[in-house]
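Letter by letter, the chains look like this.
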Amino acid sequence: MGVAEPRTKQNPWTRIRAIQNKYPLSTLFVVIIAMWVVLAILSPYFFTYHNMFNLGRQTALTAIISVGMTFVIISGGIDLSVGSIVGVSSVVVSLLMVNGMPIWLAILLTLLMSCVLGLISGIAIYDAKVPPFIATLGMMSAARGLALMFSQGRTITNIPRPFTQFAQATVVGIPSLFLVALIVAVLGVIILNRTQFGRNVYAMGSSKEVARLSGINMRTNTYGIYVLSAALSSLAGILMTSRLASGIPTSGQGDEMDAIASVVIGGASLAGAEGSIVGTMIGALIMATLRNGFNLLGIDPFWMRIAIGILIVVAVFVDQFRKAD
Amino acid sequence: MSNGSEYAVVMENISKTFPGVKALDRVTFRLKKGEIHALLGENGAGKSTLIKILMGVYQKDRDSGRILLDGQEVQIDSPIKAEQLGLSAVYQHIMLARHLSVAENIFLGQQPKRRGMIDWKKMYEDAEAVLQEFSLQVNPRTLVRDLTPVQQEMVAIAKALARRAKVLVLDEPTAQLAEEETDQLHRTMRELKKAGISIIYISHRLDEIFKVCDVATVLRDGQYIGTKPVSELTEGEIIRMMVGRSIDDLYYKEEIKIGREILRVKNLTRHPVVKNASFSLHEGEVLGVFGLVGSGRTELVRCIFGADTPDSGEIEIEGRPVKIQSPTAAIENKVALIPEDRQQQGLALPLTLGDNCNLISGRQVSRYGFRNLRHERDTARRNVEDLRIRTPGINQKVKFLSGGNQQKVVISKWLNVDSKVLIFDEPTVGIDVGAKTEIYRIMADLLKQGKGIIFISSYLPELLGICDRIMVIAEGEVTGILRREEATQEKLLALASNL
């Protein structure tokens, strides 16, 4: 099926587009490497161990949440409640530990609670037929309310040391948080590409009716998607508590936007059925690099938000250009 | 129609290359003024590509051929340019704003204005005028969603006419229409012809070509095969030109022994669309279902498949009473549905051929939820080979396949699971003769394996050609079940209109 035409001159743009079509993530790789090269030139500090260590840690939590968000967005949904679930998880895990519960049990119960919250969103979406945007908008508000209520609006301190040490730990010089994110991402890739559930997610995103008529159990799969997203957000919330050594009810605010941005920059379509975990990870890394770079170069942090805004729009624009014709 | 040229459109030596595929190879097409010209060819022959080039959607290869309109060479570099040049197309999936009125649709984007505001009075009057000029019986104030399919077709045509189209392309306009609606559309086409409008007509129903067209041009594999007046052609010749060989019997049917009963439906009811339907199906049997659009035939089979739930009634499969409340339950009970609308209901369009083929069966070969990738790959390859699906590979996204090949993918999906009762809802709509015959052959293979088929179609010759019995539905009720020997077009039509 190869192109048999012996064309002497080929338009360079056509060739670039062909490469992009064959390897959809190539643009993202080029962008992230270009950013690193530029930053390395502008700041001698960028490629130091210390800075790389920070970059890894900064990326980690957004990356974990974004893995769940990738599943949600590929299925054609959206989850706005992730940031609030980070908050309520942070509060709950802290309170349980401060009140003497063993660390492992506190973590387990917190994860379980978040799964229930995810399940409630799933029920609202599948059984009550509330659009995902609205259902999770409701959960976003309710979960934040729970976080504030449980903590009485106060920061919880006196977290046991073994718990806070986890986030400081390193394995062969790699920050533990980054390793957790890496494991989550690898598991995400396996689930999305190698399991029946993963393909169901893509099928649901391409057409709910086709998925249903193919005998896919829409109820369990919808529940599964939102439970997964909530569980991963909860994990991020627990890790954040370990890093900050305190339970903060307002933590995680705005995380939903960072996660959605990572997924979209990573090439997913909000219309569903498109996207990948690797793309999302690079998306998260691009955002973290941008933040890190602005700090290093001492640019007014307000500019950073503007830059991220522009980045999101440009990323999608470039992707449309790739898909055109 | 100002100057001398006898041709409204001349496309000369047009080539079009997509990455990896030569879709058109020096194709020539000439459309005379006031002519109804059939453009024929199998799926993938290049009809759509040629039309899209004419409509400015695609650009022809730069150094190939030229396009003349009324004798003048033109560059059609965008759909807007095509519209300005008086070219207009009505596609199979009609593009209208369903929630707006007929008049608003006709003048969408160019509403008559007064002092910057829409002049509603003038818009309705103008719409009325356009509709009347071609005796289209539609009220300009009705919302498009309330119209029947043929009326929607009329509105789409009126929209084109209001934009002063001189050349009109009708792409598979009758795919969704019932018999009499098709006649109505043909009358309109003749009116348009009288008014000097040239029409390019694409249809897979060959009988229509003889009813309404003057000339036919045939393409095959991106090549121009020939142009002839329809009066000098026979159905067999057209098929030979399209397929490149002759197909002796279009409706392929083998003598297959009819076995025991595998499906019995008793008093199935779903208000208000299905009323008290009772019938049975046997091993090796094709039960045709005929009914006008809206008769409840699709709703009936959706109830059997669990896509909708019935209010009352019983279903027995291989003698066991079953409750089918969901498609999942239907699959467990060995019922399959190849749905009416393959694009909206049958296929996950953005996914690959391999994923679509394994969408159902993948569950059965997976272990602990993990897909058996090797098994899936082998299955998909076997499907491609067995059903002769034309595709660059199993990782091709199905949205890039042609209609006939897409339908084969839907069928593959169900061949890979063990089914006993297979429901085919309009499986041959919008696909070409070659692919149709192949689908009949696949059905014959299934019958030989002792399966039973329920076959819904609006096209009588097809039903009479391949069914053992034909059940007729009118207004949700079964009005008759005829054996193959006793069925005729007249009897079926009479039952369908409940006379």
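Residues numbered from 1 in each chain as written. Chains lettered and ligands numbered in written order. Predicted model: local features only at pLDDT ≥ 70, side-chain atom pairs only at ≥ 80, totals over all residues.

### Some details on the overall build of chain A
Here is the rule: Under the scheme used here, helices are H or I runs from DSSP no shorter than 4 residues and strands are E runs no shorter than 2 residues, and both carry numbers assigned from the N terminus. Within these notes, the globule rule equals 2.2 Å times the number of residues to the 0.38 power, and the radius of gyration is based on C-alpha atoms. In this scheme the burial state of a residue depends on its C-beta neighbours within 10 Å: 20 or more other such atoms mean buried, 12 or fewer mean exposed, and anything in between means partly exposed; the C-beta positions come from the backbone.
Along chain A, the regular secondary structure elements total 14 helices and two strands. For a compact globule of 325 residues, the expected C-alpha radius of gyration is about 20 Å, and chain A comes in at 21 Å, within 12% of that figure. Each principal axis of the C-alpha distribution contributes one length, and for chain A these read about 75 × 60 × 35 Å. Expressed as a percentage of the 325 residues in chain A, the buried residues total 47%.

### Quick word on the overall build of chain B
To keep it simple, the criterion reads: Any residue pair is listed as a contact if its two C-beta atoms, each placed from the backbone, are within 7 Å.
What chain B contains, in helices and strands, is 18 helices and 22 strands. For a compact globule of 499 residues, the expected C-alpha radius of gyration is about 23 Å, and chain B comes in at 24 Å, within 12% of that figure. With respect to the principal axes defined by its C-alpha atoms, chain B has extents near 75 × 50 × 50 Å. Counting over 499 residues, chain B shows a buried share of 49%. Excluding contacts between residues fewer than 6 apart, the proportion of contacts in chain B whose partners are at least 24 apart in sequence is 69%.

### Describing the interface of chain A and chain B
Of the residues lining the interface, 23 residues belong to chain A; the matching set on chain B comes to 27 residues. In terms of residue count, helix α9 (residues 196–206) of chain A provides more of the side of chain A that touches chain B than any other element does, six residues in total.

### Let's talk about the domain arrangement of chain B
Residue and element names in this part refer to chain B. Which entries qualify depends on this criterion: An automatic or database domain assignment is the source of the domain bounds shown. In the scheme used here, Gly and all other residues not listed as nonpolar or charged are polar, with Ala, Val, Leu, Ile, Met, Phe, Trp, Tyr, Cys and Pro taken as nonpolar and Asp, Glu, Lys and Arg as charged.
Annotation of chain B at the domain level lists domain 1 (7–243) and domain 2 (261–496). Put simply, the middle of domain 1 and the middle of domain 2, counted by C-alpha atoms, are 32 Å apart. Across the boundary between the two partners, domain 1 contributes 14 residues, which contact 17 residues of domain 2. Ranked by the residues each element gives to the side of domain 1 that touches domain 2, the list is headed by helix α8 (residues 235–243), at three residues. Along the lines of polarity and charge, the residues of the side of domain 1 that touches domain 2 split into six nonpolar, five polar and three charged.

### Looking at the pairing of strand β10 (residues 198–202) of chain B
All names here are of chain B. As a reminder, the rule being used: Between any two strands, at least two bridges found by DSSP are needed for them to pair. Look down the strands so they point away from you; if going from the first strand over the helix to the second traces a clockwise path, that crossover is right-handed.
Counting buried residues along β10, five of its five residues qualify, which places the element largely inside the surrounding structure. Residues of β10 alternate between two faces, with Ser198, Ile200 and Ile202 on one and Ile199 and Tyr201 on the opposite face, all of them buried. Note that strand β3 (residues 36–40) and β10 share three bridges and pair parallel. Following the sheet pairing, Ile36 is matched in β10 by Ile199. Of the pairings in the sheet, the one linking strand β9 (residues 167–171) to β10 comprises five bridges and is parallel in character. Of the residues in β10, the one forming a bridge with Val167 is Ser198. Traced from β9 through helix α6 (residues 179–194) to β10, the parallel crossover comes out right-handed.

### With respect to the sheet that holds strand β21 (residues 469–474) of chain B
Residues and elements named next belong to chain B. As a reminder of what qualifies: The axes are straight lines fitted to the C-alpha atoms, using for helices just the contacting stretch, and the angles between their N-to-C directions are given from 0 to 180°.
Strand order in the open sheet formed by six strands is β18-β19-β20-β15-β21-β22, with mixed pairing between adjacent strands. Here the strands that pair on one side only, and so sit at the sheet edges, are β18 (335–338) and β22 (477–483). Each strand axis lies, on average, 20 degrees off the axis of its neighbour in the sheet, ignoring direction. Inspection of the sheet shows strand β15 (residues 286–290) paired to strand β20 (residues 452–456) by four bridges, in the parallel sense. In the sheet register, Gly288 faces β20, and the bridge partner there is Phe455. Strands in contact with helix α16 (residues 433–448) are β15, β19 (421–425) and β20; relative to β20, the strand with the most contacts, it is inclined by about 150 degrees.

### Digging into the environment of A:Ile191
Residues and elements named next belong to chain A. Following the sequence through the fold, Ile191 ends up in helix α8 (residues 176–194). C-alpha separation for the pair Ile191 and Phe71, spaced 120 residues apart in sequence, amounts to 9.7 Å. Once you skip the residues sitting within four places of it in the chain, Ile191 turns out to touch Phe197 and Gly198.

### Focus on the pairing of strand β6 (residues 87–90) of chain B
All names here are of chain B. Here β6 shows a buried face lined by Leu87 and Ala89 and a second buried face lined by Ser88 and Val90. In the sheet, β6 pairs with β9 via four bridges, with the strands oriented parallel. Residue pairing for β9: Ser88 is matched across the bridge by Leu168.

### Some details on helix α18 (residues 489–496) of chain B
Residues and elements named next belong to chain B. Rules: This arc is built from the directions going out from the helix axis to the C-beta atoms.
Within α18, the full set of buried residues consists of Leu492, Leu495 and Ala496. Seen along its axis, α18 keeps its buried residues to an arc of 100 degrees; they face one direction. Where α18 is buried, its residues meet β15, α17 (460–466), β21 and β22. Note on α18: the residue one or two positions beyond its end, Asn498, has a positive phi of about 60 degrees.

### Details of the sheet that holds strand β14 (residues 274–282) of chain B
Residues and elements named next belong to chain B. Read across the sheet, four strands follow the order β14-β13-β16-β17 without closing on themselves; strand pairing throughout is antiparallel. The sheet is open, and its two borders are formed by β14 and β17 (320–322), each paired with just one other strand. Put simply, the sheet's adjacent strands are angled 20 degrees from each other on average, direction ignored. In terms of strand pairing, strand β13 (residues 261–270) meets strand β16 (residues 312–317) through five bridges, oriented antiparallel. In the sheet register, Val265 faces β16, and the bridge partner there is Ile315. Taken strand by strand, helix α9 (residues 297–305) contacts β13, β14 and β16, and its axis lies near 115 degrees from that of β13.

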